[in-house]
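Topology and contacts: notes
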Amino acid sequence: MNLGCTFALSGLLALLVFCPLSASAAESWNYQQEKDRLSNKTYSLARSPLPPRGLYDNIRLEVICKDNSLQLIVDAQNLLASQGSRFDVEYQIDKNAPVMIPMTIFKDSKRRGYNEDDAKRVIDEMVAGQAIFIRVTTLIRKVLSAKISLDGAADSIKQVVSDCGLGAADNPAAEPAYSLAEFEQELNKLSPEQQQHVLSKIKHIMDSQKTVPKF
């Protein structure tokens, strides 16, 4: 085999080895630490993969701990709003009801927005979910949407939350799920009138869920 063929074969092997790894990394959540260019301080972040190409807009989610403050960030390739302005983001995790939260555009960007007030609550929901659908209406009234997998996101997100000092001590353990068997036991302890009252309320809740719009 001549020298030219050897180099060609080596190059082909390199592509076969490294390209699949890069593609895999781009399709999963990852944790990393970076330095702020202005303050030179280190901060940590968990970054989502991009949604499937061709089906949704190019939008990423980031969970960032900077200066001991937790932020949920939407990062888009499209113009979202003017610098420093507010806009709304609607999200739905799995089959839960859609929720609207406000975000603020960073002062040095028109394509990245953040939320601090609701960040911890939304992040806790993300850790327990399988996928999150987000929808953003931009300054020019263009609707952007993306469905992002939460598979494998928990470890990266929890590391960022821990970096912010918001571990188990500041996040009380969730109560065990209320099982159907427990409900039936408690229901049987009530009088027939009380049982009917409880069941009527449950029916009202179930009926209201049928009217919740699905993405």
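Conventions adopted
- Residues numbered from 1 in each chain as written.
- Predicted model: local features only at pLDDT ≥ 70, side-chain atom pairs only at ≥ 80, totals over all residues.
- Heavy atoms only, no water.
- Salt bridge = Lys/Arg side-chain N within 4 Å of Asp/Glu carboxyl O.
- Helix = DSSP H or I, 4+ residues; strand = E, 2+ residues; numbered from the N terminus.
- Buried < 20%, exposed > 50% of the residue type's maximum accessible area, 1.4 Å probe, protein only.
- Axes fitted to C-alpha atoms, helices over the stretch in contact; angles between N-to-C directions.
- Parallel < 35°, antiparallel > 145°, perpendicular 65-115°, else oblique.
- Left-handed = near helix turned anticlockwise from the far one by under 90°.
- Contact = heavy atoms within 4.5 Å.
- Nonpolar A, V, L, I, M, F, W, Y, C, P; charged D, E, K, R; others polar.
- Phe/Tyr/Trp six-rings, centres within 6.5 Å; stacked < 30°, edge-to-face > 60°.
- Lys NZ or Arg CZ within 6 Å of the ring centre and 35° of its normal.
- Disulfide = S-S within 2.5 Å.
- Arc of directions from axis to C-beta.

1. Notes on the pattern of salt bridges
Using the criterion set out here, one finds 11 salt bridges in the structure. The closest approach of N and O atoms between Lys66 and Asp36, which form a salt bridge, is 3.2 Å. Note that Lys66 is positioned in strand 3 (residues 59-66) and Asp36 in the loop between strand 1 (30-35) and strand 2 (42-47), a separation of 30 residues in sequence. Here Lys66 falls in the partly exposed class, since its relative accessible area comes to 28%. By relative accessible area, which is 18% here, Asp36 ends up buried. One salt bridge connects Arg112 with Glu62, and the closest N-O pair in it is separated by 3.3 Å.

2. Topic: the packing of helix 2 (residues 119-127) against helix 3 (residues 153-163)
For the pair helix 2 and helix 3, interaxial distance at closest approach is 10 Å and the crossing angle is 150 degrees. What the angle tells us is that helix 2 and helix 3 run roughly antiparallel. Handedness of the crossing formed by helix 2 with helix 3: left-handed. Packed against helix 2, whose contacting residues are Lys120, Ile123, Met126 and Val127, the element helix 3 presents Ala154, Ile157, Lys158 and Val161 at the interface. Split into classes, the residues belonging to the contact of helix 2 with helix 3 amount to six nonpolar, no polar and two charged.

3. Things to note about unusual backbone geometry
Positive phi, normally seen in glycine, also occurs at Asp94, with a value near 55 degrees. Relative to the assigned elements, Asp94 resides in the loop between strand 5 (86-93) and strand 6 (99-105). Given the relative accessible area of 35%, Asp94 is considered partly exposed. For Arg141, which is not glycine, the phi dihedral falls at a positive 65 degrees. Secondary-structure assignment places Arg141 in the loop between strand 8 (131-137) and strand 9 (143-149).

4. What to know about the packing of aromatic side chains
Each aromatic ring pair is specified by the distance between its two centres and by the angle formed by the two planes. Scanning the model with the defined rule gives two aromatic pairs in all. Here Tyr56 and Phe133 contribute two aromatic rings whose centre-to-centre distance is 6.1 Å and whose plane-to-plane angle is 80 degrees, an arrangement assigned as edge-to-face. Of the two residues, Tyr56 is situated in the loop between strand 2 and strand 3 and Phe133 in strand 8; the sequence distance between them amounts to 77 residues. Between Phe106 and Tyr114, the aromatic rings sit 4.7 Å apart at their centres with planes inclined by 40 degrees, giving tilted as the arrangement. Judged by relative accessible area, Phe106 falls into the buried class, the value being 18%. For Lys66, the ring lying beneath its charged end belongs to Tyr43, and the centroid distance is 4.3 Å.

5. Considerations on the state of the cysteines
Scanning all chains against the criterion turns up one disulfide. In this model Cys65 forms its disulfide with Cys164; the gap between the sulfur atoms is 2.1 Å. As the torsion about the S-S bond is roughly 105 degrees, the Cys65-Cys164 disulfide counts as right-handed. With Cys65 in strand 3 and Cys164 in the loop between helix 3 and helix 4 (180-188), this pair connects stretches of sequence that are 99 residues apart. By the burial criterion, Cys65 is buried, and Cys164 matches it.

6. A look at helix 2
For helix 2, the set of buried residues is Ala119, Val122, Ile123 and Met126. Relative to the axis of helix 2, the buried residues are bounded by an arc of 100 degrees and lie together on one face.

7. Let's talk about helix 3
Along helix 3, the residues that are buried comprise Ala153, Ser156, Ile157, Val160 and Val161. Within helix 3, the buried residues cover an arc of 135 degrees as seen down the axis, which keeps them to one side. Of the surrounding secondary structure, the elements contacted by the buried residues of helix 3 are strand 1, strand 2, strand 3, strand 4 (69-76) and helix 2. Positive phi appears at Gly165, one or two residues downstream of helix 3, with a value of about 70 degrees.

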